[in-house]
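# Inside the fold
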Amino acid sequence: MEKLQACIAARSEVRLLGLQAKLPQRGKLTSKQLPVRMMGQEYTSSTASYNQDIARFKGPVKESDLDAVRTALAIPAPSEPLKEGWEIPIVDLSQLRSSQFHLVRDQISRACQEWGFFYAINHDIPCEVFDDMWEAYNLIFKLPVQERGSFDCGPFIPPDILQKLNEKKEALKKYADSRDTIRLRDLNPDDNEGTVASTPQFFRRPACTFYKALRDVGFELLSAMSQSLGVEVDHIRRATGNNEAINSSLHFYSPNHDGSKTMGLNPHKDILTLTVLVQDETGGLQVLKEDKWIDVKPLPGSLVVNVGEAIQAITNGKFKSVLHRVVNHPEKTRSSISCFLIPTPDSVIEPIPHLVSEESPRLYPNGTWASFVHNHYALALKF
Ligand SMILES: O=C(O)CCC(=O)C(=O)O
Ligand SMILES: [Fe+2]
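Cut-offs and rules
Residues numbered from 1 in each chain as written. Chains lettered and ligands numbered in written order. Predicted model: local features only at pLDDT ≥ 70, side-chain atom pairs only at ≥ 80, totals over all residues. Heavy atoms only, no water. Near = heavy atom within 4 Å. Polar contact = N/O pair within 3.5 Å; in protein donor to acceptor, adjacent residues only side chain to side chain. Areas by Shrake-Rupley, 256 points an atom, 1.4 Å probe, with all protein chains shown as cover. Helix = DSSP H or I, 4+ residues; strand = E, 2+ residues; numbered from the N terminus. Phe/Tyr/Trp six-rings, centres within 6.5 Å; stacked < 30°, edge-to-face > 60°. Buried < 20%, exposed > 50% of the residue type's maximum accessible area, 1.4 Å probe, protein only. Pairing = 2+ DSSP bridges. Axes fitted to C-alpha atoms, helices over the stretch in contact; angles between N-to-C directions. Contact = heavy atoms within 4.5 Å.

### A closer look at the site of ligand 1
Near ligand 1 you find His251, Tyr253, Leu265, His268, Asp270, Leu277, Leu285, His324, Val326, Arg334, Ser336 and Phe340, and these make up its full shell. Measuring from an oxygen atom of ligand 1, one finds a side-chain N or O atom of Tyr253 at 2.6 Å. At a separation of 3.0 Å, an oxygen atom of ligand 1 approaches a polar side-chain atom of His268. Burial of ligand 1 by the surrounding chains reaches 94%, relative to a free accessible area of 290 Å². For the shell around ligand 1, the secondary structure elements donating two or more residues are β5 (246-253), β7 (265-268), β12 (324-326) and β13 (334-341). Counting residues per element, the shell around ligand 1 draws most heavily on β13, at three residues.

Written out as structure tokens, the structure reads:
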């Protein structure tokens, strides 16, 4: 009952907050302003790893392809006023374990189709798990930067691709990212010492407990998503190689005091299976829906969940991986910690057969996750 009341209170808070926010008018770059040569060019890949299926994906770059290009180049998407009354869906996980589970599964499915984002509440993760992790977060950011070398793995994008992307971004005068990030790669939270051993001693225990809890919520959601799609409960997990090891970004966003041309995190999609994230109470995360940036307002006690590109490919576009960004607050700092469920590089990403039809032709060629990542960026680098 208490949980239910907290849930109702949280919902009304979101409704109230959802109507008020006004975004600072940052510069705009609409799809119409993208270089014209993108529009009529063939997009094919010169990469040997692209299999024969690519032939079916040749053709002029369509409006819908611009989204992928914009994502990979991190070009700010159109910035429009918020549409009043829109809210990110809230999923009550305790209901997933009740006799109402099928209703919640449908709700998750709708959220993944319409938003690609939702809040998960009543997840049963004790408050101390979050408190201990925030304490460890504060301590790890206090370490001298030189000491990070042993555990911060840097950007998740392969270095050669990253360099080329950065050159392109420079040319497109994107906003500078204004934040500090520590990235951890291939953590297996079941292996308490193993994969976290390179992190400082004070970080290991809280991190393992925290990441295990978030990853397990992620697993529960993958099961619900699979069932809602009418496939085996473990379909998405198996298809992505089980996702036992996770990646994580610990972000610290500084305030944007002078309204300068910076953005906390430029518009992007998550190139992975599923993201489960905690944010503090500052706000600034936004998701693009029908060319409008919608605030993912802080909802106390919630986890923010979003669909990654792997799920979009497995569901042949039914579940959406959507653009999102972080706008710095004018006065406050912001902190977030994400738990990224990532496919293993050799898992073969293919669509669920009944989601492919004449009306919904295949969106992606078959390939391993490693080639999927490569092709994702290779497409952008063509332009
Ligand atoms: O800080 C946030 O809320 C979003 C982080 C994010 O989108 C990412 O790391 O991919
Ligand atoms: Fe993201």
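There is more to say, and it comes next.
### Here we look at the packing of aromatic side chains
Tallying each qualifying case throughout the model produces seven aromatic pairs. Ring centres of Tyr137 and Phe141 lie 4.7 Å apart, and the angle between their planes is 55 degrees; on these two criteria the pair is classed as tilted. On the criterion of helical spacing, the pair formed by Tyr137 and Phe141 is a turn pair, its members being four residues apart in helix α6 (residues 127-142). Classification of Tyr137 as buried rests on a relative accessible area of 2%. Ring geometry for Phe210 versus Tyr211: centroids 5.3 Å apart, planes at 75 degrees, classification edge-to-face.

### Thoughts on the sheet that holds β13
Paired through their backbone hydrogen bonds, the strands of a sheet run either parallel or antiparallel. Strand order in the open sheet formed by seven strands is β1-β2-β11-β8-β13-β5-β4, and the pairing between neighbours is mixed. In the strand order of this sheet, the two ends are held by β1 (90-92) and β4 (179-187), each with one partner. Strand-to-strand, the axes of this sheet are offset by a mean angle of 25 degrees, without reference to chain direction. Both β4 and β5 contribute to a ladder of seven bridges, which runs antiparallel. Among the inter-strand pairings, Ile182 is bridged to a residue of β5, identified as Leu250. Set on the sheet, α6 makes contact with β4, β5, β8 (274-279), β11 (303-307) and β13; between it and β13 the angle comes to about 110 degrees.

Shape descriptors only; they carry no functional weight alone.
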